[in-house]
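A look at the structure
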Amino acid sequence: MLTKRIISCLDIKNGRTVKGINFLELRDAGDPVELAKKYADTMADELVFLDISATEERRKTLVDLVRKVAETINIPFTVGGGISSVEDVDILLRNGADKVSINSSAVKRPQLINEIAAKYGSQCTVVAIDAKKINGEWMVHLVGGKVPTELNLFDWAKEVEERGAGEILFTSMNNDGTKNGFANEALAKLSEIVNIPIIASGGAGTMQHFADTFIVGKADAALAASVFHYHEIDIPELKEFLKQQNINIRL
């Protein structure tokens with residue numbers, strides 16, 4: 001069994017780390033550079049940096065902040081927010097990102113996935129999908145969850161894999177910030193229909209939720225923010241807990 005990964009997420013707005021519930025009611029969670037260093041020092045396997053208002057504000061990702069974070073960490077670093085071209089990717093990779101995450105721009109122009117994968121490789125190309133369950137159907141949403149689309153989560157996941165994405169970051173808007181657990185049914189279905197790694201996002205509240213998303217949801221990685229930011233769960237303890245449940249995790 002492949003090693004499962006624990007990923008810390010920094011949602012960035014106005015240069016600060018923020019966290020909300022169901023993509024709303026954002027509150028401050030601290031300085032992104034300090035938090036990034038803490039996670040790198042306390043056994044996070046990867047760090048994801050999402051500039052959550054870049055698309056809505058029609059601007060590029062905060063490159064200076066990306067560089068400062070990259071300089072303080074020694075773990076794989078994924079950056080997303082406001083990326084709409086290969087040139088944007090080039091700037092982020094030159095400033096310390098290892099991978100990029102695209103979301104709204106991929107839906108608006110799916111060929112962008114092909115272009116990034118062709119130039120930088122699938123291992124660099126993460127497609128983030130924010131989806132909400134509406135009347136029993138998982139529908140893709142854009143611009144930080146504010147804009148609904150007619151796209152079905154599972155159809156879109158298959159397409160992004162075919163276009164060269166190396167990984168899918170799936171956030172359940174229904175579960176986000178609720179601390180009631182990940183959307184394991186949807187995650188398990190995703191893992192059946194695609195052959196690339198799936199990162200589970202949205203809903204972590206207990207250590208058991210992480211175990212459940214690896215066992216029931218068949219996720220390859222689990223991403224969380226507030227439970228780590230506010231010290232409700234510490235990553236070293238979480239990893240020991242998962243190891244005791246016979247989940248292959250890097251200690």
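All of the points below concern the structure found in this document. Bear in mind that the values here come from a model prediction, so they are computed numbers and not experimental data. (Residues numbered from 1 in each chain as written. Predicted model: local features only at pLDDT ≥ 70, side-chain atom pairs only at ≥ 80, totals over all residues. Heavy atoms only, no water.)

1. Overview of the pairing of strand E4 (residues 46-51)
Formally: Between buried and exposed lies partly exposed: a residue is buried under 20% and exposed over 50% of the maximum accessible area for its type, with that area taken using a 1.4 Å probe on protein chains only. Runs of E in the DSSP output that reach at least two residues are strands. Runs of H or I that reach at least four are helices, and both are numbered from the N terminus. Note: two strands are recorded as paired if DSSP finds a minimum of 2 bridges between them.
Among the six residues of E4, six are classified as buried, and the element is accordingly described as predominantly covered. The side-chain alternation of E4 yields two buried faces, one formed by Glu 46, Val 48 and Leu 50 and the other by Leu 47, Phe 49 and Asp 51. As defined by bridge partners, strand E1 (residues 5-13) adjoins E4 across six bridges and the pair is classed as parallel. By the bridge assignment, Ile 12 is partnered in E4 with Asp 51. Where E4 and strand E5 (residues 77-80) come together, four bridges link them in parallel fashion. Bridge pairing in E5 links Leu 50 to Gly 80.

2. So, the environment of Asn 180
The criterion, for reference: Note on contacts: a residue pair is in contact if any heavy atoms of the two residues lie within 4.5 Å.
Relative to the helices and strands, Asn 180 is located in the loop between strand E10 (167-172) and helix H7 (184-193). When its relative accessible area of 62% is taken as the criterion, Asn 180 is described as exposed. Residues Asn 180 and Leu 47, 133 residues apart in the sequence, show an inter-C-alpha distance of 23 Å. The contact partners of Asn 180, leaving out residues within four places of it in the chain, are Gly 203 and His 209.

3. Regarding the pattern of salt bridges
Side-chain pairing between opposite charges can occur once the charged atoms of the two side chains come close. Which entries qualify depends on this criterion: Put simply, a salt bridge is a Lys or Arg side-chain nitrogen that is within 4 Å of an Asp or Glu carboxyl oxygen.
Going through the model one piece at a time under the given rule, you end up with 12 salt bridges. With a closest N to O distance of 3.3 Å, Arg 250 and Asp 45 form a salt bridge. With Arg 250 in the segment after helix H10 (235-244) and Asp 45 in the loop between helix H1 (32-41) and E4, this pair connects stretches of sequence that are 205 residues apart. Taking the shortest distance from any N to any O, the salt bridge between Glu 167 and Lys 99 comes out at 3.1 Å. Of this pair, Glu 167 sits in strand E10 while Lys 99 sits in strand E6 (residues 99-102), and the two are 68 residues apart along the sequence. Judged by relative accessible area, Lys 99 falls into the buried class, the value being 11%. Linked through salt bridges whose partners overlap, the residues forming this network are Arg 5, Glu 46, Lys 99 and Glu 167.

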